[in-house]
Amino acid sequence: EAGVAQSPRYKIIEKRQSVAFWCNPISGHATLYWYQQILGQGPKLLIQFQNNGVVDDSQLPKDRFSAERLKGVDSTLKIQPAKLEDSAVYLCASSLNWASGTDTQYFGPGTRLTVL
Amino acid sequence: GQQLNQSPQSMFIQEGEDVSMNCTSSSIFNTWLWYKQDPGEGPVLLIALYKAGELTSNGRLTAQFGITRKDSFLNISASIPSDVGIYFCAGVTQGGSEKLVFGKGTKLTVNP
């Protein structure tokens, strides 16, 4: 079974530029998550989708971050404009159905973003 | 927001030794999870705990869900070089939009 795919794996941009990350979840997984992992920290949830609807985006900096999952499968996360403090690994995860209560999240390899 | 205090921050051990790490919180969690993250990869689930007092094993790994629901520990017995990595605890919040809250991780180094 293929895992969660993410691209690109690495991205280097200058501050104030825009960047987009792509995630393809495990086939059949209804729930998709984007996490931000700053060096030396654990992942922090940015946004959670159930199919193509947003379940939780309370920790997403909405002035510069946006995410969509239009057809309920792939998702993109965008940062516009980027700041130095956005340098982090952005992890995508998916799960079968978060409402089940014992759902397991499977993580992709992440995109390492460096903002100069 | 809810925070998990994970300790120790890092450990340096010899191959064959046992390892113990723990996680505490001021908040109650419904579920405790332990993940391992290798360099350049995403976290991989090791053990999930769903009930206060539960003790669960996965090979050489053993984890327990604290009775107060505010803590958990992970033990690794007879460590081997491939145990190297960062171990994260995570708690699932109660009610509403249940989400994972991660600790800061314990970096494990195993000397052969």
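Here the structure is shown first, and the text comes after it.
Figured I'd write up the structure that's included with this text. (Residues numbered from 1 in each chain as written. Chains lettered and ligands numbered in written order. Predicted model: local features only at pLDDT ≥ 70, side-chain atom pairs only at ≥ 80, totals over all residues. Heavy atoms only, no water.)

### Focus: the overall build of chain B
Thinking step 1. Check the secondary structure of chain B and you find 0 helices and 11 strands.
Thinking step 2. Mapped in sequence order, the helices and strands of chain B form the string β-β-β-β-β-β-β-β-β-β-β.
Thinking step 3. The C-alpha atoms of chain B give 14 Å as radius of gyration, which agrees with the globular expectation for 112 residues (13 Å, within 12%).
Thinking step 4. Seen through its principal axes, chain B has C-alpha atoms that stretch 45 × 30 × 20 Å.
Thinking step 5. The 112 residues of chain B split such that 43% are buried.
Thinking step 6. Long-range contacts, defined here as pairs at least 24 residues apart, represent 53% of the contacts in chain B between residues at least 6 apart. (Helix = DSSP H or I, 4+ residues; strand = E, 2+ residues; numbered from the N terminus. Rg over C-alpha atoms; globule rule 2.2 N^0.38 Å. Buried < 20%, exposed > 50% of the residue type's maximum accessible area, 1.4 Å probe, protein only. Contact = heavy atoms within 4.5 Å.)

### With respect to the environment of A:Arg16
Thinking step 1. Along the polypeptide, A:Arg16 turns up in the loop between β2 (10–13) and β3 (19–24).
Thinking step 2. Taking C-alpha positions, A:Arg16 is 7.1 Å from A:Gln80, a pair spaced 64 residues apart along the chain.

### A look at the sheet that holds strand β8 (residues 71–76) of chain B
Two strands in a sheet stick together by hydrogen bonds in their backbones, pointing the same way (parallel) or opposite ways (antiparallel).
Residues and elements named next belong to chain B.
Thinking step 1. Taken in spatial order, the 5 strands make up an open sheet running β1-β3-β8-β7-β6, and their pairing is antiparallel. Of all strands in the sheet, those bounded by a partner on one side alone are β1 (4–7) and β6 (55–58). Along the sheet, successive strands turn relative to each other by an average axial angle of 15°, direction set aside. (Pairing = 2+ DSSP bridges. Axes fitted to C-alpha atoms, helices over the stretch in contact; angles between N-to-C directions.)

### With respect to the environment of A:Tyr35
Residue and element names in this part refer to chain A.
Thinking step 1. Its location among the elements puts Tyr-35 in strand β4 (residues 31–37).
Thinking step 2. Along the primary structure Tyr-35 and Ala-67 are separated by 32 residues, whereas in three dimensions their C-alpha atoms are 12 Å apart.
Thinking step 3. Here Gln-105 takes part through its side chain, which lies 2.7 Å from a polar atom of the side chain of Tyr-35. (Polar contact = N/O pair within 3.5 Å; in protein donor to acceptor, adjacent residues only side chain to side chain.)

### Here's the deal with the pairing of β1(B)
All names here are of chain B.
Thinking step 1. Covered by surrounding structure in β1 are Leu-4 and Gln-6 only, the residues Asn-5 and Ser-7 on the alternate face being uncovered.
Thinking step 2. Here β1 runs beside strand β3 (residues 19–25); their pairing, made up of 4 bridges, is antiparallel. Note on β3: the bridge partner recorded for Leu-4 is Ser-25.

### Brief notes about the sheet that holds β3(A)
All names here are of chain A.
Thinking step 1. The strand order across the open sheet formed by 4 strands is β1-β3-β8-β7, and the pairing between neighbours is antiparallel. The open sheet has two free edges, formed respectively by β1 (5–7) and β7 (65–68), since each of these has just one partner strand. Strand-to-strand twist of the sheet, defined as the mean angle between neighbouring strand axes without regard to direction, takes the value 15°.
Thinking step 2. Two elements, β3 and strand β8 (residues 75–79), share 5 bridges in a ladder whose sense is antiparallel. Bridging across to β8, Ala-20 finds its partner in Lys-78.

### What to know about the state of the cysteines
Residues and elements named next belong to chain B.
Thinking step 1. Applying the stated criterion to the full structure yields 2 disulfides over all chains.
Thinking step 2. Residue Cys-23 pairs covalently with Cys-89 via a disulfide, S to S 1.7 Å. Residue Cys-23 is found in strand β3, and its partner Cys-89 is found in strand β9 (residues 85–92); the two are separated by 66 residues along the sequence. Of the two residues, Cys-23 and Cys-89, neither departs from the other in class, the shared state being buried. (Disulfide = S-S within 2.5 Å.)

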